[in-house]
Amino acid sequence: MVERTPVLNFFTHLILFLGFVMAVAPLAIVAIAASHNLADVNTVPMSLIPGSDFWVNMKTAWTTANLGPKLLNSLILATGTAVGKVVISAITAFSLVYFRYPGRGILFWLIFITLMLPLEVRIVPTYAVIANVLSPYQGLLDITGISWLIQKITGVEVSLNLGLLNSYPGLILPLIATATGTFLYRQFFLTIPDELTEAARMDGAGALRFFIDILLPLSRTNMAALGTIMFLWAWNQYLWPILITTDPAYTTAVMELKSLIPNVGGLPEWHIAMAGTLIVMIPPLAVVVLMQRWVVRGVIATEK
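What you see is a predicted model; the values in this text were computed from it and never measured.

**Q** What should I look at first to understand the nonpolar core in this one?
**A** In a soluble, globular protein the nonpolar side chains are often hidden away together inside. With 36 residues, the main nonpolar core has Y185, F189, L215 and W235 as its most contacted residues. Taken together, the elements giving at least two residues each to this core come down to α3 (54–64), α4 (67–98), α10 (179–189), α12 (207–218), α13 (220–235), α15 (253–256) and α16 (270–300). With nine residues, the single largest contributor to this core is α4. If we skip the residues at most four places from it in the chain, L215 touches F94, Y98, F188, F189, I192 and F210. Within the second largest apolar cluster, 11 residues are counted, among which are L164, L171, I172 and L175.

**Q** Can you help me understand the packing of α4 against α12 in this one?
**A** In the contact formed by α4 and α12, the axes pass within 12 Å of each other and the chain directions differ by 115°. By the angle class used here, α4 and α12 are roughly perpendicular. Here α4 and α12 pass one another in a crossing that is right-handed. Of the residues in α12, those in contact with A90, I91, F94 and Y98 of α4 are A207, F210, F211, L215 and L216.

**Q** What am I meant to see in the pattern of salt bridges here?
**A** A side chain of one charge can pair with a side chain of the opposite charge if their charged atoms are brought near each other. For the structure on display, the rule yields two salt bridges. Residues E198 and R201 are paired through a salt bridge, measuring 3.0 Å at the closest nitrogen-oxygen approach. Of the two residues, E198 and R201 are both situated in helix α11 (residues 194–202); the distance of three residues between them amounts to about one turn of the helix. By relative accessible area, which is 41% here, E198 ends up partly exposed. The salt bridge involving D213 is made with R209; its shortest N-O contact spans 3.5 Å.

**Q** Please explain helix α1 (residues 6–33) as it appears in this structure.
**A** Because each turn of an α-helix spans 3.6 residues, side chains separated by three or four positions end up pointing in the same direction. In this model, α1 (28 residues) spans 39 Å end to end at C-alpha, consistent with the 40 Å of a helix rising 1.5 Å per residue. For α1, the principal kink sits at V24 and spans about 35°; a proline, P26, occurs within the next four residues. Those residues of α1 that fall on the buried side of the exposure criterion are V30, I32 and A33.

**Q** Please explain the UniProt feature "transmembrane region" (unreviewed entry) in the protein chain as it appears in this structure.
**A** Within this numbering scheme, the UniProt entry marks residues 7–34, 75–99, 106–130, 168–189 and 270–291 as carrying the feature "transmembrane region" (unreviewed entry). The distance from the first to the last C-alpha atom of residues 75–99 is 35 Å, and the span holds 96% helix and 0% strand. Within the segment residues 270–291, helix and strand shares are 100% and 0% respectively, and the terminal C-alpha atoms sit 32 Å apart.

**Q** Help me understand the environment of A31, please; the structure alone is not making it clear to me.
**A** With respect to the secondary-structure elements, A31 resides in helix α1. The spacing of A31 and A249 is 218 residues in sequence and 28 Å in space, taken between C-alpha atoms. When neighbours within four sequence positions are excluded, A31 is seen to be in contact with F54 and L278.

**Q** Looking at this structure, how should I read the packing of aromatic side chains?
**A** This model, assessed by the stated rule, comprises 16 aromatic pairs. Ring plane angle 25° and centroid distance 6.4 Å describe the contact between F108 and F183, whose orientation is recorded as stacked. Separated by 75 residues along the polypeptide, F108 in helix α5 (residues 104–113) and F183 in helix α10 bring together distant segments of the chain. Judged by relative accessible area, which is 7%, F108 ranks as buried. Ring centres of F231 and W235 lie 6.0 Å apart, and the angle between their planes is 25°; this geometry places the pair in the stacked category. Within this pair, F231 and its partner W235 are both found in helix α13, separated by four residues, close to a single helical turn. The same class applies to F231 and to W235, which are both buried.

The rules behind the values
- Residues numbered from 1 in each chain as written.
- Predicted model: local features only at pLDDT ≥ 70, side-chain atom pairs only at ≥ 80, totals over all residues.
- Heavy atoms only, no water.
- Core = buried A, V, L, I, M, F, W, Y, C linked by side-chain atoms within 4.5 Å.
- Buried < 20%, exposed > 50% of the residue type's maximum accessible area, 1.4 Å probe, protein only.
- Helix = DSSP H or I, 4+ residues; strand = E, 2+ residues; numbered from the N terminus.
- Contact = heavy atoms within 4.5 Å.
- Axes fitted to C-alpha atoms, helices over the stretch in contact; angles between N-to-C directions.
- Parallel < 35°, antiparallel > 145°, perpendicular 65-115°, else oblique.
- Left-handed = near helix turned anticlockwise from the far one by under 90°.
- Salt bridge = Lys/Arg side-chain N within 4 Å of Asp/Glu carboxyl O.
- Expected span 1.5 Å × (residues − 1).
- Bend = angle between axes of the 7 residues up to and from the residue.
- UniProt positions renumbered as here; feature names shortened; annotations may be inferred.
- Phe/Tyr/Trp six-rings, centres within 6.5 Å; stacked < 30°, edge-to-face > 60°.

Okay, here's the thing in structure tokens:
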């Protein structure tokens, strides 16, 4: 029996409507500001009626910030991070669930504890590693005296150096390790019936074939949800890209928005800045719209 609660339904829809207005209002203001000219956008209060200069402002923002290659860099960063996170999380969770080895539980909790160490907390050591990926091995050789021994015998100084600053791997690799993805996949793999694993083993399927042919197709909703969330997270990254990129060829669209920020000495060109912001917002919004159904399925786990 379905209970009729018209009053409760009214307040529920009212709360949902207010939440919708709060979420959409900033986007609407950005779009309206991007359609005004310089005089109208600096009027206090700004008119909420859209102007007629929308496409002119969009073109100006596109050319001023050179957003074409910057959007491509952001796309490479976000896509590489999303794919890397999905692959590494799935492989790690597969190892933790389906392989028996000493310290497996301790290893999982060590991975899980890294949730308390986001990139912003470990920014200095991460930068040091990316500046020279081989520096830990160089330190190991120096501590053990191997580098000194090689220099004494051959006269060659051992100096391992591989820098990833101003490169796509340097942008992507520090962002792909995620305890969240590992936890998500582990919880899903634990729901897979043992009978399915036994049936695959009886059919002669090895670990790799079981992982590729059975587990990955079953976890496609998890892959879509995790990939979408990580794509949005990587797209909005600002601190890490601005820290390791000094070459303009590798700057991202989010970083380049600073070139549209009004100068202190001049009249603020907020209409151009808002147009650029709107352009940068379009790709992640499109991803959310296209992947919304898969994200909901992956989060609420309706197919598990």
